[in-house]
Amino acid sequence: MLCLGIETSCDETGLALVSDGSLIHSVLSSQVELHDIFGGVVPELASREHYRLIGVLLDQLLNKSHIDIHDLDLICAARGPGLLGSLLVGVNFAKGLALGLGRPFLGINHLHAHIMINALENVLPFPFIGLLVSGGHTVLYRVESPDRFILIGKCLDDAAGEVFDKIGKCLGMKYPAGKFVDMLSQNVESNIKLPRPFLSNDNLNFSFSGLKTAALNHLKNVWQNCNAEIGVNIRMGQRDLKSFCAALNNAIVETLVEKTRRAIKKNQDIKGIVVAGGVAANTTLRKRLRKLGEQFDLPIHCPSPELCTDNGIMIAMGGYFLACSGEVHNLDLETIPKGRKMPEDIYPSTFTE
Ligand code: KG4
Ligand code: ZN
């Protein structure tokens, strides 16, 4: 089964071809430079850029793969959560293709797809705990099958990646700042104390806004002439900057690992841990989760760092597995912006290869 995956939920236009769960080729265009001067993604600009590029990228992908468009068996696009205007570009392009080619269409949950990309490199150990940490989401799932994701923990305010990005911005780093904080933290011992937020409870939810405030307050108090709110005038030496980054990195990573540990304890029948999302590229998080896996004698799967951030491959993989479970969507499928509940509206497929 030859699946086309289309990702346009935020600021990456990604398309990929997956054949029976193996990657053929992918193309990706990032809008990071476009949004950089605004310090964050501008939704209107993002949708226009997806619209400008999506057709060109499909041509590139087909040429690179030496595949005729009529050979596609299934067309998939991220249907949410994400920026509505951006999602609409990808979903409507996919619906048009599906209609024109007479092929089935699937709208894919972007968050589930992040987790499912792990199937490209590993056999997924169902049932498993899925930890998804990105710029917009921090989520724990109990995943029983490709179409059964049970939400067991979510973020009540700022996502982990958002804290990396916002504090990084105050430190004068480019967006998205997570990888710079990660890099500067390596092999650094820090004596700066930042809280491990929202651990004094029995649930698996996350709340990182208190940590963000504590980090901003530290910057304001210790670096008195800085205005940490708007990110100007921070005159830290390299050593202090590294120490601060290490403290922030540790606080976020330890919180994520501790809640994952509790999720394992509450789900004693699970057979592994699968990590995903942009923040899953974090060096310290990967190391600490591997240790956690050793403690519980469970395999830990993290995608290669280049597969952690948004791309078309994850959408094609997610679609492939849903189609294998016999599922498909109608062309009146809605796109779901961030903040709205994802409906359970998958239908049995009439798909035959
Ligand atoms: O999954 P993703 O590409 O987009 C969303 O769906 O949000 O994740 C982007 C996030 C950004 O917040 C970025 O700072 C973070 O992933 N990120 C990292 C690292 N690489 C990317 N955070 C920490 N350490 C990294 N190495
Ligand atoms: Zn994402």
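Figured I'd write up the structure that's included with this text. (Residues numbered from 1 in each chain as written. Chains lettered and ligands numbered in written order. Predicted model: local features only at pLDDT ≥ 70, side-chain atom pairs only at ≥ 80, totals over all residues. Heavy atoms only, no water.)

Things to note about the environment of Leu199
So the rule is basically this: The helix count covers DSSP runs of H or I at least four residues long, the strand count covers runs of E at least two residues long, and both are numbered beginning at the N terminus. Contacts: residue pairs with any heavy atoms within 4.5 Å of one another.
Counting through the fold element by element, Leu199 comes out in the loop between α6 (178–185) and α7 (209–222). When the C-alpha positions of Leu199 and Glu258 are compared, they lie 8.0 Å apart, and in sequence the two are 59 residues distant. Not counting residues up to four positions away in its chain, the partners in contact with Leu199 are Thr255, Glu258, Lys259 and Arg262.

Observations concerning the coordination of the zinc ion (ligand 2)
Inclusion rule: Any nitrogen, oxygen or sulfur atom within 2.8 Å of a metal ion counts as a donor, with the limit raised to 3.2 Å for Na, K and Ca, and since water is left out, coordination shells can look unfinished. Metal sites are grouped by the angles between bound donors: all angles between 85 and 135 degrees with four donors is tetrahedral, opposite donors over 155 degrees apart with the others between 65 and 115 is square planar for four donors and octahedral for six, and any other pattern is irregular. Between buried and exposed lies partly exposed: a residue is buried under 20% and exposed over 50% of the maximum accessible area for its type, with that area taken using a 1.4 Å probe on protein chains only.
Taken together, His110 (NE2), His114 (NE2) and Asp310 (OD) make up the protein donors of the zinc ion (ligand 2), found 2.1 Å from the metal. Given four donor atoms and angles of 91 to 144 degrees at the metal, the environment of the zinc ion (ligand 2) is assigned as irregular. Counting residues between consecutive donors of the zinc ion (ligand 2) along the chain gives the motif H-x3-H-x195-D. Of this pair, His114 sits in helix α4 (residues 110–116) while Asp310 sits in the loop between α10 (305–308) and α11 (312–324); the two residues are 196 residues apart in sequence, bridging distant segments of the chain. The residues His114 and Asp310 share a single accessibility class, namely buried.

Considerations on the sheet that holds strand β4 (residues 74–80)
Our working rule: By the convention used here, strands pair only if DSSP detects at least 2 bridges between them. All axes here are fitted lines through C-alpha atoms, helices being fitted over the stretch that makes contact, and every angle between N-to-C directions spans 0 to 180 degrees.
Strand order in the open sheet made by the five strands is β3-β2-β1-β4-β5, with mixed pairing throughout. Each having just a single partner strand, β3 (22–30) and β5 (105–109) make up the two edges of the open sheet. Each adjacent strand pair in this sheet contributes to an overall mean axis angle of 20 degrees, direction not counted. With four bridges joining them, strand β1 (residues 2–7) and β4 adopt parallel strand pairing. In the sheet register, Cys3 faces β4, and the bridge partner there is Leu74. The strands touched by helix α2 (residues 43–65) within the sheet are β1, β2 (12–19) and β3, with β2 carrying the most contacts at an inclination of about 30 degrees.

Digging into the site of ligand 1
Stated precisely, the cut-off is as follows: We call a residue near a molecule or strand whenever a single non-hydrogen atom of that residue lies within 4 Å of it. Here a polar contact is recorded for every N or O atom pair within 3.5 Å, except that within protein the pair must consist of a potential hydrogen donor and a potential acceptor, and residues adjacent in sequence are included only if both atoms are side-chain atoms. Using the Shrake-Rupley algorithm and a 1.4 Å probe, accessible areas are obtained, with residue cover drawn only from the displayed protein chains. Put simply, the grid is 1 Å and covers the protein atoms alone, a cavity is a trapped set of points that fit a 1.4 Å probe, a pocket is an open set with protein on both sides within 12 Å along at least five of seven lines, and lining residues have an atom within 4 Å of a point. What decides whether a molecule sits in a cavity or pocket is whether more than half of its atoms lie within 2 Å of the grid points. Residues are grouped as follows: Ala, Val, Leu, Ile, Met, Phe, Trp, Tyr, Cys and Pro are nonpolar; Asp, Glu, Lys and Arg are charged; every other residue, Gly included, is polar.
Surrounding ligand 1, one finds 20 residues, the nearest of these being Gly135, Asp165, Gly178, Asp182 and Gly278. Separating an oxygen atom of ligand 1 from a backbone N or O atom of Gly278 is a distance of 3.0 Å. Contacts to ligand 1 include Asn282, whose side-chain N or O atom sits 3.1 Å from a nitrogen atom. Relative to its free-state accessible area of 560 Å², ligand 1 is covered by the protein chains to the extent of 88%. Among the detected pockets, ligand 1 sits in the largest pocket. Looking at the shell around ligand 1, the elements with two or more residues in it are α4, α5 (160–170) and α6. When its residues are assigned to classes, the shell around ligand 1 shows five nonpolar, eleven polar and four charged.

Describing unusual backbone geometry
Cis geometry marks the peptide bond from Phe126 to Pro127, where omega comes out at -10 degrees. Relative to the helices and strands, Pro127 is located in the loop between α4 and β6 (128–133). Note the cis peptide between Tyr175 and Pro176, where omega equals -5 degrees. When you line up the elements, Pro176 lands in the loop between α5 and α6. Non-glycine residue Asp20 carries a positive phi angle of around 45 degrees. Residue placement: Asp20 occurs in the loop between β2 and β3.

Looking at the sheet that holds strand β8 (residues 148–153)
Pairing is mixed in the open sheet, where five strands are placed in the order β8-β7-β6-β9-β10. Since the sheet does not close on itself, it has two edges, and those belong to β8 and β10 (300–301), each with one partner. As judged from the two bridges shared by strand β9 (residues 273–276) and β10, these two strands associate in the parallel manner. Bridging across to β10, Val274 finds its partner in His301. Strand contacts of helix α8 (residues 238–266): β6, β7 (138–145), β8 and β9, with the helix running at about 30 degrees to β7, the strand carrying the most contacts.

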